[in-house]
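Survey of secondary and tertiary structure
So you can see what is in the structure, the chains are spelled out below.
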Amino acid sequence: MKFGIIGAGTIGSIISNKLVKNGHDVKIADARGIEHLEGKELAGTPVPIEDVMTNIEVLIISLPLTALPSIRNIIEQVGEEVIVDTSNYYPSRDHKIAEIENGMVESVWVSNQLGKPIIKAFNNLLAYTLENEGTPEGTSRRIAMAIAGNDVSQKQIIMDVVNQLGFDTVDSGSLSDSWRQQPGTPAYCTELTKEELTKALEKANKEKAPFLRDKVMEKLSASNFTPLANKDIVSMNREIYNS
C-alpha cells in the first residue's frame, strides 16, 4: 500500500519504519517544512508537505494537537484516502482546549479541526511497545491495539495493516467511542491481549479518565521524568488506570 505520514517524531518515525519493513511505500513530511527532516534517519521518503498527499491510499497524522490548524489546507485535498489520527491530548503539553475540557471526545475535536472523518489508531501503545513488541499473528499473549472510527471499511483497512505490523486489533467503536482508548483509561498503554483490551475498553470511565491521566503525569513529574523501563511504565499505568 501507499502511505503518507505527516509528523516525523517518535511515533511517526516508528510507523514509517515498520511500514517500509513490511513492503509498503511511505512518504513522510514535517508540517514545519522538509528542512526539519534533514539529518533524521527515516525509512520513508522525505517529501515537502505539499507533496505528501500525492498518490497515496492512507494518510497518517502524528502531530501535537496544536499543530493541526497548520495542515488544514493539506487535508482539504483528501478524497478517498483513509486518514488516521495517532494523537493523545495532554493539557500540560497541548495547552487546555476548551471543547475537550468540556467533554468533547479528543478525536472528534481532531476530526472537526481537519474537517474530515478520521480513524483513531496507534495511540494506545507506548512508543517502545509499538517499535519492539510486535509479534506474528497467532502468538500467545499477543498485544492488541484499539481502532475507532465511523467507517467500517476504513477501520478494516487499518486493522489489517496493524495486524501485519505485529499486533492484534480490537474495534473500539465509533469515533465518539474513542475516548475509551485515550489517556486515563484501562486500555491506554497497558499492553493487553485482544480479550483483555476488549474488557478494558468496556471498563473505561469517562469522568475519571482526565484525573487518572493527570495522576500519572504527576508521578512522572515527581521523579523529574527520570527515564523508566517500558515494563515499569506499563505497570504504573495498569495500577493507576484501573483504580
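Residues numbered from 1 in each chain as written. Predicted model: local features only at pLDDT ≥ 70, side-chain atom pairs only at ≥ 80, totals over all residues. Heavy atoms only, no water.

**A few points about the pattern of salt bridges**
Put simply, the rule reads: Note on definitions: salt bridges are taken to be side-chain nitrogens of Lys or Arg within 4 Å of carboxyl oxygens of Asp or Glu.
Per the counting criterion, the structure on display carries eight salt bridges. One salt bridge in this structure joins Asp-94 and Arg-93, with 3.0 Å as the shortest N-O distance. A salt bridge links Lys-231 to Asp-232; its shortest N-O distance comes to 3.4 Å.

**Considering the pairing of strand 7 (residues 144-149)**
Definition in use: Partly exposed describes any residue whose relative accessible area lies between the buried limit of under 20% and the exposed limit of over 50%, with all areas from a 1.4 Å probe on protein chains only and scaled to the type maximum. By definition, any uninterrupted DSSP run of H or I lasting at least four residues is a helix, any uninterrupted run of E lasting at least two residues is a strand, and each is numbered from the N terminus. Note on pairing: two strands pair once DSSP finds at least 2 bridges between them.
Most of strand 7 is tucked away: six of the six residues are buried. By the alternation rule, side chains of strand 7 split into Ala-144, Ala-146 and Ala-148 and Met-145, Ile-147 and Gly-149, which are all buried. For strand 7 and strand 8 (residues 168-171), the ladder comprises four bridges, and the chain directions are parallel. Across the sheet, residue Ile-147 finds its bridge partner in strand 8, namely Asp-171.

**As for the nonpolar core**
We count it as follows: Nonpolar cores were defined as sets of buried Ala, Val, Leu, Ile, Met, Phe, Trp, Tyr and Cys residues, with membership established by side-chain atoms within 4.5 Å. Note on definitions: a residue-residue contact is assigned when non-hydrogen atoms from the two residues lie within 4.5 Å.
Formed by 29 residues in total, the largest nonpolar core has its most connected members in Leu-19, Ile-60, Val-84, Phe-122 and Ile-158. The residues contacting Val-84, other than those within four sequence positions of it, are Val-58, Leu-59, Ile-60, Ile-61, Ile-119, Ala-121, Phe-122 and Ile-158.

**Details of the packing of helix 9 (residues 209-222) against helix 10 (residues 230-241)**
Packed helix pairs are characterised by how far apart their axes lie and by the angle those axes make with each other. Selection criterion: Orientation is described by lines fitted to C-alpha atoms, with helices fitted over the stretch in contact, and by angles between N-to-C directions that extend from 0 to 180 degrees. In these notes the angle categories are as follows: under 35 degrees is roughly parallel, over 145 is roughly antiparallel, 65 to 115 is roughly perpendicular, and the rest is oblique. Helix crossings get a hand from a simple test, with the near helix turned counterclockwise from the far one by less than a right angle marking a left-handed crossing and a clockwise turn marking a right-handed one.
Contact geometry of helix 9 with helix 10 gives a least axis separation of 10 Å together with a crossing angle of 140 degrees. The angle between the axes of helix 9 and helix 10 places the two elements in the oblique class. Of the two possible hands of crossing, helix 9 and helix 10 adopt the one that is right-handed. Two secondary-structure elements touch here, helix 9 through Leu-212, Arg-213, Lys-215, Val-216, Lys-219 and Leu-220 and helix 10 through Met-236, Asn-237, Ile-240 and Tyr-241.

**Observations concerning unusual backbone geometry**
For His-95, which is not glycine, the phi torsion reads 70 degrees and is therefore positive. Counting through the fold element by element, His-95 comes out in the loop between helix 3 (91-94) and helix 4 (98-101). Exposure remark for His-95: the relative accessible area of 56% places this residue in the exposed category. Even without glycine at this site, Glu-191 takes up a positive phi of about 50 degrees. Checked against the element boundaries, Glu-191 lands in the loop between strand 8 and helix 8 (194-203).

**Some remarks on helix 5 (residues 106-114)**
Taken residue by residue, helix 5 has Glu-106, Ser-107, Trp-109, Val-110, Ser-111 and Leu-114 as its buried positions. Here the buried face of helix 5 lies against strand 4 (58-61), helix 2 (72-75), strand 5 (82-85), helix 4 and strand 6 (119-120). Gly-115 sits one or two residues past helix 5 and shows a positive phi near 75 degrees.

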